[in-house]
Amino acid sequence: MTNQTKSQFIAVASITSELSAVMVVAKEISLAAANAKAIAFRAGDKAKGFQPITDFINELAKETIELVTNINIYALVLYRLTVDEYQKTAAYNKFELAAKMAEGAVYAKSMQEPVDHARLSMQDCQRQFKRDVSQLLGQLEAVMHHARAARVIAANSRIEASQAGEYLQSLQAVAESVDKAAHTIHDNVQRCRIALSIYRNS
Amino acid sequence: MKMTKIYEGSHQWIMFGRDEGKPDNIIDTNQYVVRTPNRCLLLDPGGAELFAPMMAAVLHHAPVDQITDLFASHQDPDVISSLGLWDQALTNAKLHAPAIWEGFLRHYSCESIEYVPIPDNGGTIKLESVELQLIPAHYLHSPGNFHVYDPQAKILMTGDVGAAFEAPDAPVFVDNFAAHVEKMRHWHQRMMPSNQAKRVWIERVRNMDIDILAPQHGRMFKGDDVKRFLDWFDALQVGIAV
Ligand SMILES: [Fe+2]
Ligand SMILES: [Fe+2]
């Protein structure tokens, strides 16, 4: 296996692991939203500004989970493509070797067609991989966007929390946990993007 | 890769083996090719490591598009782990292999090649005017295992039965049976699990007209050495590891 193939396998595998962490965190946000909603309900008028925010947080968490689920399916496709490309590259190399070893054989020329065919299907695979990586990067970008939005909401939540009297602390804790979660998502997705960006379609 | 023509008639049998480029840590194998005017059958085409030298060797005898048939006596990697590569190289080929191994062998990838399952009681492979018989040899050593008999060439290809492990430059035929025995004993005792299967197989094979007994490893047996081998194998206790 070449270093290039190895790092491709690692890049694809790392997406899945980073994303499963994102999934956990997104679920935490969803929980924080439910928690916040309950507190805001109890706080009544004092947390009036907070109530729409909790719906917003919840919505954001749901969308993130959905996105990540889709990306995971995509990552699996990418993994299969990587395996496929690895096999096709191996075949192409063996065919070339066979053609070289067959030099001087009566039917050596008949190897040309399999060699050409293997080269084309290997290149097809490589192109497909690059296309899919570009798409995946687009989807990861959407998750980043969500994470950034979540941080803005967290900041707003803090402001709203400051007006919630005795509920200040618990609402601030909600804002804190949303902010932390958004941070984690941002970092993990960023790592995915860096791992993949070298394979993007130029 | 050394090539030896072992039959020349209306069709040919060629033995390929003693590959000098083979990595030291993989087992040495013999591959056999049956060549008719427009078709070519590879018997136990070998491991993935052997694909390129094997393909190159076959190209001395047939063009790629005339390699129409592969046969795998059983599921072992030294027999057929090259399948995934043949699958990408051949556009119109069949793999004749034991039915019970289909789900296993497909792990090597068998998409463009058609898998022709051989039922437990055997069958035939028709190669133009040549008809080869697939002789059941289950539990010798694999639980799903076939040998190939060519009644015209009087060759019986016996897979792992008759195998021996030799120096890379060893001759292709046994020339001193008594000396050869020691190279076979442990392999047969350890790899062959069933005395009963062995007895049934020997009974069957004794009734065949055989000039050459052609194993997948080591040397071939010719003439009287065929009978000597059967007698020796008959008397051997196998399945010793339990
Ligand atoms: Fe075997
Ligand atoms: Fe073997």
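Coordinates for the structure precede this section.
Residues numbered from 1 in each chain as written. Chains lettered and ligands numbered in written order. Predicted model: local features only at pLDDT ≥ 70, side-chain atom pairs only at ≥ 80, totals over all residues. Heavy atoms only, no water.

Draft legend 1. Just the coordination of the iron ion (ligand 2), in detail. Residues and elements named next belong to chain B. Ligation of the iron ion (ligand 2) by protein atoms is provided by Asp78 (OD), Asp160 (OD), Gln216 (OE1) and His217 (NE2), these donors lying 2.2 Å from the ion. Viewed at the metal, the 4 donor atoms of the iron ion (ligand 2) are separated by angles of 82 to 170°, and the geometry they form is irregular. Along the chain, the residues that donate to the iron ion (ligand 2) are spaced as D-x81-D-x55-Q-H. Between the iron ion (ligand 2) and the iron ion (ligand 1), a spacing of 3.6 Å is present, and a bridge between the two is formed by Asp160. Of this pair, Asp78 sits in helix H2 (residues 77-80) while His217 sits in the loop between strand S12 (212-215) and strand S13 (221-222), placing them 139 residues apart in sequence. (Donors = N, O, S within 2.8 Å, 3.2 Å for Na, K, Ca; no water. Tetrahedral: all angles 85-135°; square planar, octahedral: opposite > 155°, others 65-115°. Helix = DSSP H or I, 4+ residues; strand = E, 2+ residues; numbered from the N terminus.)

Draft legend 2. Broad picture of the pairing of strand S5 (residues 67-71) of chain B. Residues and elements named next belong to chain B. In terms of burial, S5 is a largely internal element, 5 of the 5 residues being buried. Sheet topology note: the strand S4 (residues 40-43)/S5 ladder contains 4 bridges and is parallel. Looking at S5, one finds that Cys40 is bridged to Ile67. Once the chain exits S4 it traverses helix H1 (residues 51-58) before rejoining the sheet at S5, and the crossover so formed is right-handed. Inspection of the sheet shows S5 paired to strand S6 (residues 94-98) by 3 bridges, in the parallel sense. Considered in S6, the bridge of Leu70 is made with Leu95. (Buried < 20%, exposed > 50% of the residue type's maximum accessible area, 1.4 Å probe, protein only. Pairing = 2+ DSSP bridges. Right-handed = clockwise from strand over helix to strand, strands pointing away.)

Draft legend 3. The coordination of the iron ion (ligand 1), seen in detail. Residue and element names in this part refer to chain B. In the first shell of the iron ion (ligand 1), the protein supplies His74 (NE2), Asp76 (OD), His141 (NE2) and Asp160 (OD), at 2.0 to 2.2 Å from the metal. Here the iron ion (ligand 1) binds 4 donor atoms, and the angle range of 85 to 171° at the metal identifies the geometry as irregular. Taken in chain order, the donor set of the iron ion (ligand 1) reads H-x1-D-x64-H-x18-D.

Draft legend 4. Representation of the environment of Gly44(A) in the model. The residue Gly44(A) is located in the loop between helix H1 (3-43) and helix H2 (50-101) in this model. Sequence-wise, Gly44(A) and Ala164(A) are 120 residues apart; in three dimensions their C-alpha atoms are separated by 9.2 Å.

Draft legend 5. Structural detail: H1(B). Most of H1(B) is tucked away: 8 of the 8 residues are buried. Burial in H1(B) covers these residues: Phe51(B), Ala52(B), Pro53(B), Met54(B), Met55(B), Ala56(B), Ala57(B) and Val58(B).

Draft legend 6. View of the sheet that holds strand S10 (residues 146-150) of chain B. Residue and element names in this part refer to chain B. Strand order in the open sheet formed by 6 strands is S8-S9-S10-S11-S12-S13, and the pairing between neighbours is mixed. Edge positions in the sheet fall to strand S8 (123-127) and S13, since each of these pairs with one other strand and no more. As judged from the 2 bridges shared by S12 and S13, these two strands associate in the antiparallel manner. Paired with Leu213 across the bridge in S13 is Phe221.

Keep in mind that these numbers describe shape and distance, not what the molecule does.
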